[in-house]
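# Chains, contacts and geometry: an overview
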Amino acid sequence: MTLRKKSTRNPPPPPPVLSHEFVLQNHADLVACMGLFFVLGLMFEGTAEVSIVFMTLQHGVTFPAADAEEQATESKFLYYYGIRDLATVFFYMLMTIIIHATIQEYVLDKITRRRQFPKAKQSRFNESGQFSVFYLVSCIWGTFILVSENCLSDPALLWRARDMMTFQMKFFYISQLAYWFHAFPELYFRRIKNQDLPRQVVHIGLHLFHIEGAYLLYLNHLGLVLLMMHYFVEFLSHLCDLFYFKDEKYQKEVSLWAIVFILGRLVTLIASVISVGFYLAGGKNGNPDAFTGNVNVLAAKIAVLSSSCAIQAYITWNLFNDELQRWMEEDAPLQAPGMKKKRTKGRSSRKGTENGVVPS
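What you see is a predicted model, and the numbers here were worked out from it, not measured in a lab.

### Brief notes about the overall build of the protein
- Assigned secondary structure in the protein consists of twelve helices and two strands.
- Helices and strands in the protein line up, N terminus first, as α-α-α-β-α-β-α-α-α-α-α-α-α-α.
- Counted over contacts in the protein with a minimum sequence separation of 6, partners at least 24 positions apart contribute 72%.

Here it is as structure tokens:
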């Protein structure tokens, strides 16, 4: 019976408290402690009002029911946007960081250990996995809101700007803003390389710009429909990447998603042009007031249409660049053997001339 030798190698010491490595390894626990302070604030009368501002939706107004049938049930409670929404976005940004770390640790990290991906492919797999979960949940949630608010049966809601929102509509936009704001600290937690930072920042900033624009201009239904189209195409894209990481034999099938991608861009562009076109034709008001929701002016509508067209063109251009780069990487291994043959032939001819042998 052989005895195992005890390992004399000591485990690495833990990083110092509040150091760079400590924050990266325990950022989810630190953020959870921050969120716990807001929850504990509900237990005390002096701090309950402050905690409620962070944890619940603000700027709500109760409207009495107009009909007798509605009075028998309950009155309507609608919301508008205000400065206190920033506190709510901050709290749910902390919750998003915790959920992000939970999915990473208990789902994605286990898969990467089992598949033993290289470091470069591992970062891409984690990114596609996180985005796939977010886009899937957002598509299901957004579709439920569209159905419950009768947007599919009454498409005219897309170009009607209302100065009030329902609870589920405002909570959806608050959650979307919280997710994309949380992506900025995630760049630090994920140790993104400096050369990849500009692309990531532009990607996050474009999403924030358009979500905030739809939220502040009260184009909630139009923004929701465009987001659902965009998210569905992006979900298919990242889902194809996950299949490719699982087995590279899906490479040809994965390239077919580019057709779906272009069709999704075209449908999104057509929907935005038609909706804003009707909205432009029906708008007569020329006195803008952002605080009361009166943004039914020509300049605001043209800005919405131009930004929507610009983002579709930018995303399509990035697709062409990525596909072109992928094709060049695929053709590089095929050209390499030919170059080696030419080099070896040149070397053999040189050796022959040096030895006095003339190649035939």
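### Describing helix α6 (residues 119-148)
- With 30 residues, α6 should reach 44 Å at 1.5 Å per residue; the first-to-last C-alpha distance of 44 Å fits that figure.
- Among the residues trailing α6, asparagine 150 stands out with phi positive, at a value near 60°.

### Some words on the layout of surface pockets
- By volume, the second largest pocket is sized at about 370 Å³.
- Along the wall of the second largest pocket there are 17 residues; nearest its centre are Thr96, Ile99, Phe134, Val137 and Tyr179.
- For the lining of the second largest pocket, the secondary structure elements donating two or more residues are α5 (85-115), α6 and α7 (167-189).
- For the lining of the second largest pocket, the per-class residue count stands at eleven nonpolar, six polar and no charged.

### Some remarks on the side chain of glutamate 234
- By the element assignment, glutamate 234 lies in helix α9 (residues 220-246).
- Buried glutamate 234, no salt bridge; nearest opposite-charge side chain is arginine 265, N-O distance 4.4 Å.
- With residues up to four places along the chain from it excluded, the contact list for glutamate 234 reads Tyr135, Phe261 and Arg265.

### Regarding the environment of methionine 164
- Mapped onto the elements, methionine 164 comes out in the loop between α6 and α7.
- Sequence separation between methionine 164 and leucine 78 is 86 residues, and the spatial gap between their C-alpha atoms is 5.9 Å.
- Dropping the residues within four chain positions of it, methionine 164 is found in contact with Val61, Phe63, Leu78, Tyr79, Tyr80, Tyr218 and Asn220.

### Observations regarding the packing of aromatic side chains
- The full count for this structure, using the stated rule, is 25 aromatic pairs.
- Judged by centre distance (5.5 Å) and plane angle (75°), the ring pair of tyrosine 92 and phenylalanine 171 falls under edge-to-face. Of this pair, tyrosine 92 sits in helix α5 while phenylalanine 171 sits in helix α7, placing them 79 residues apart in sequence.
- A relative accessible area of 22% means that phenylalanine 171 is categorised as partly exposed.

### Some details on the pattern of salt bridges
- Inspection of the entire model under this criterion finds three salt bridges.
- The salt bridge involving arginine 191 is made with glutamate 21; its shortest N-O contact spans 2.9 Å. With a gap of 170 residues between them, arginine 191 in the loop between α7 and α8 (197-216) and glutamate 21 in helix α1 (residues 20-25) connect regions that are remote in the sequence.
- One salt bridge in this structure joins aspartate 85 and lysine 170, with 3.0 Å as the shortest N-O distance. With aspartate 85 in helix α5 and lysine 170 in helix α7, the pair connects residues that are 85 residues apart, well separated along the chain.

### Things to note about the nonpolar core
- Among the nonpolar cores identified, the biggest contains 49 residues, and Tyr173, Trp180, Leu224 and Tyr231 are the most heavily contacted of them.
- Contributions of two or more residues to this core are made by α2 (27-40), α3 (45-55), α5, α6, α7, α8 and α9.
- Considering every element that reaches this core, the biggest residue donor is α7, with eleven residues.
- Aside from chain neighbours lying at most four places away, what touches tyrosine 231 is Phe134, Tyr135, Ser138, Cys139, Gln176, Trp180, His207 and Ile211.
- Ranked by size, the runner-up nonpolar core spans seven residues in total, among them Leu222, Ala271, Val276 and Val304.

### Considering the side chain of serine 51
- Position of serine 51 relative to the elements: it lies in helix α3.
- Those residues in contact with serine 51 that sit more than four places away from it in its chain are Phe38, Gly41 and Leu42.

### So, the environment of phenylalanine 184
- Position of phenylalanine 184 among the secondary structure elements: in helix α7.
- For phenylalanine 184, a relative accessible area of 33% corresponds to the partly exposed category.
- C-alpha of phenylalanine 184 to C-alpha of valine 201: the two residues are 17 residues apart in sequence and 7.6 Å apart in space.
- Not counting residues up to four positions away in its chain, the partners in contact with phenylalanine 184 are Val201, Ile204 and Leu208.

### Examining unusual backbone geometry
- For histidine 59, which is not a glycine, the phi torsion comes out positive at approximately 60°.
- On the secondary structure map, histidine 59 appears in the loop between α3 and β1 (60-63).
- Unlike most non-glycine residues, arginine 191 shows phi in positive territory, near 55°.

### Notes on a nonpolar patch on the surface
- On the surface, a nonpolar cluster with roughly 800 Å² of combined accessible area is contributed by Ile259, Ile262, Leu263, Leu266, Ile270, Ile274, Trp317 and Phe320.
- At the level of secondary structure, the elements contributing two or more residues to the nonpolar patch comprise α11 (257-282) and α12 (298-354).
- With six residues, α11 is the largest single contributor of residues to the nonpolar patch.
- As for its placement among the helices and strands, phenylalanine 320 is situated in helix α12.

### Comments concerning α3
- Residues Ala48, Ser51, Phe54 and Met55 constitute the buried set of α3. Looking straight down α3, one finds its buried side chains confined to an arc of 125°; they lie on one side. The exposed set on the far side of α3, more than 90 degrees from its buried face, consists of Gly46 and Glu49.
- If you follow the buried residues of α3, they end up packed against α2 and α5.

Thresholds, definitions, all that
- Residues numbered from 1 in each chain as written.
- Predicted model: local features only at pLDDT ≥ 70, side-chain atom pairs only at ≥ 80, totals over all residues.
- Heavy atoms only, no water.
- Helix = DSSP H or I, 4+ residues; strand = E, 2+ residues; numbered from the N terminus.
- Contact = heavy atoms within 4.5 Å.
- Expected span 1.5 Å × (residues − 1).
- 1 Å grid on protein atoms, 1.4 Å probe; cavity = no way out; pocket = protein on both sides within 12 Å on 5 of 7 lines; lining within 4 Å.
- Points joined across faces, edges and corners; volume = space filled by probe spheres on them.
- Nonpolar A, V, L, I, M, F, W, Y, C, P; charged D, E, K, R; others polar.
- Buried < 20%, exposed > 50% of the residue type's maximum accessible area, 1.4 Å probe, protein only.
- Lys, Arg positive; Asp, Glu negative; His and termini not counted.
- Salt bridge = Lys/Arg side-chain N within 4 Å of Asp/Glu carboxyl O.
- Phe/Tyr/Trp six-rings, centres within 6.5 Å; stacked < 30°, edge-to-face > 60°.
- Core = buried A, V, L, I, M, F, W, Y, C linked by side-chain atoms within 4.5 Å.
- Patch = residues over 30% accessible without salt bridge, like charges linked within 9 Å, V, L, I, M, F, W, Y side chains within 5 Å.
- Areas by Shrake-Rupley, 256 points an atom, 1.4 Å probe, with all protein chains shown as cover.
- Arc of directions from axis to C-beta.

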